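Listed here are the chains, written in short residue letters.
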Amino acid sequence: MSSEKSYLVVGGCGFLGRFIVEALLAKGEKNIHVFDIRKSFEDDRVVFHIGDIRKSEDLEAACKGITTVFHTASPTHGMGYDIYYSVNVTGTQKLVDACVKCGVKQLVYTSSSSVVFNGADIANGDETMPYVAKHLDPYNKTKELGERAVLEAHSTTDLLVCALRPAGIFGPRDVQGWPQFLKAAKEGKNKFMFGSGDNLCDWTYIDNVVHAHLLAAQHMTKESPISGNAYFITNDEPIPF
Ligand code: NAD
C-alpha cells in the first residue's frame, strides 16, 4: 500500500538511483520523481526532472511538493577535483538549501565508506571512526565535504538528514565497478598482487544498499535518533577480494 510520501531520487538515472526508484514502485509508492542531468530510462509512473544539481533553480523546481529526497548523484570515476567539488560539495549544499526552502522533510544522502579510508587497513571499523586527515583522491575528499554539508543541516534546520556509507556496490546493470575489473582481467591487465592476497575489501549487493535507503526514509522521524548521523552499509562480513 502506498504512503502519503512523495519521493525525489537525485541521480535517479544512475546505477543505485534507478534501483531505488524501482524499489519504491514495487512497494506501491505513487509519487516518485527523478532528478538527473541525463535520462537513461522511460517509465510512465515516474516524473523526470532533467537538471543540474549545481543549479538552485533546477533543484527548487524538482523539490516542490516532495517529502523525501534520496541524493545519489555524483560524477563518474576518474574525474578531476573541480568537477567532484562542484557536484559533490557545492551541488549537495544547494540541494540541502533547496530542500529547506521547499519544505522537504527528509534527505537521505548516499555517502561512501571512503570518507574514513586513507589506505591503511581497517578491521572492525565503525561509525566512531573520524574522517581521515588526508584523503586518497578528490572523490573521497568531496564525499566527506558533501556528507558534512548534509549532516550539518540537522543542527541548523528542521530537515531530517542522514548519510549512508556503502563501500563498493555490485549488482546488475553496473557499468563502472566489477565490469571494469573483469574487462581488465580478460585483457590480461591484472598482473600485480599487493600484499599476501588475503586482503579483504567490502562489496555490498545493490538490493541491500537500496534496502538501507528505504529503511532510513521509513524510520527517520523527529523522535528517532537517526537524523544527523552517518551509517556504514554492508552485507555482513567483508568478502574476499
Ligand atoms: P552512477 O554514476 O551510476 O549514478 C550517478 C548519477 O548521478 C548519474 O545518473 C549521473 O547522471 C547523475 N549526476 C552526475 N552529475 C550530476 C549533476 N551535476 N546533476 C544531476 N545529476 C548528476 O553512480 P552510482 O554507482 O549509482 O553511485 C550512486 C552514489 O553512491 C554516488 O553518490 C556514489 O558516490 C555512491 N557510492 C557508489 C559506490 C559504487 O560502488 N557504485 C560505492 C560507494 C558509494
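The numbers attached to residues start from 1 for each chain and follow its sequence in the written order. Local features are withheld for residues below a pLDDT of 70 in this predicted model, meaning they are given only at 70 or higher, and side-chain atom pairs are given and counted only at 80 or more; totals for whole chains, interfaces and linings count all residues.

Let's talk about the overall build of the protein
Every helix listed is a DSSP run of H or I at least four residues long, and every strand listed is a run of E at least two residues long, numbered separately from the N terminus. Secondary structure summary: the protein contains 6 helices and 11 strands in total. Dimensions along the principal axes, computed over C-alpha positions, put the protein at roughly 55 × 40 × 35 Å. Counts of 20 or more other C-beta atoms within 10 Å of a residue's own C-beta define buried residues, counts of 12 or fewer define exposed ones, and intermediate counts define partly exposed ones; C-beta atoms are placed from the backbone. Going through the 241 residues of the protein one by one, you find that 36% of them count as buried. Contact definition: two residues whose C-beta atoms, as placed from backbone geometry, lie within 7 Å. Taking all contacts inside the protein whose residues are at least 6 apart in sequence as the whole, residues at least 24 apart take part in 74%.

With respect to the site of the ligand
In this entry, near means the residue's backbone-placed C-beta atom lies within 6 Å of the molecule or strand. Near the ligand there are 27 residues, and of these Gly 11, Gly 14, Phe 15, Leu 16 and Ser 74 occur at the shortest range. For the shell around the ligand, the elements supplying multiple residues, two or more each, are helix 1 (15-26), helix 3 (81-102) and strand 7 (168-170). If one sorts the elements of the shell around the ligand by residue count, helix 1 sits on top with 3 residues. For the shell around the ligand, the per-class residue count stands at 10 nonpolar, 12 polar and 5 charged. Each residue gets one of three labels, nonpolar for Ala, Val, Leu, Ile, Met, Phe, Trp, Tyr, Cys and Pro, charged for Asp, Glu, Lys and Arg, and polar for the others, Gly among them.

Some points on the nonpolar core
Membership of the largest hydrophobic core comes to 52 residues, with the highest contact counts inside it found for Leu 8, Val 10, Cys 63, Val 69 and Leu 107. Setting aside chain neighbours within four positions, we find Leu 8 in contact with His 33, Phe 35, Ala 62, Cys 63, Ile 66 and Val 69. Structurally, a nonpolar core is described as a collection of buried Ala, Val, Leu, Ile, Met, Phe, Trp, Tyr and Cys residues joined by way of C-beta atoms within 7 Å.

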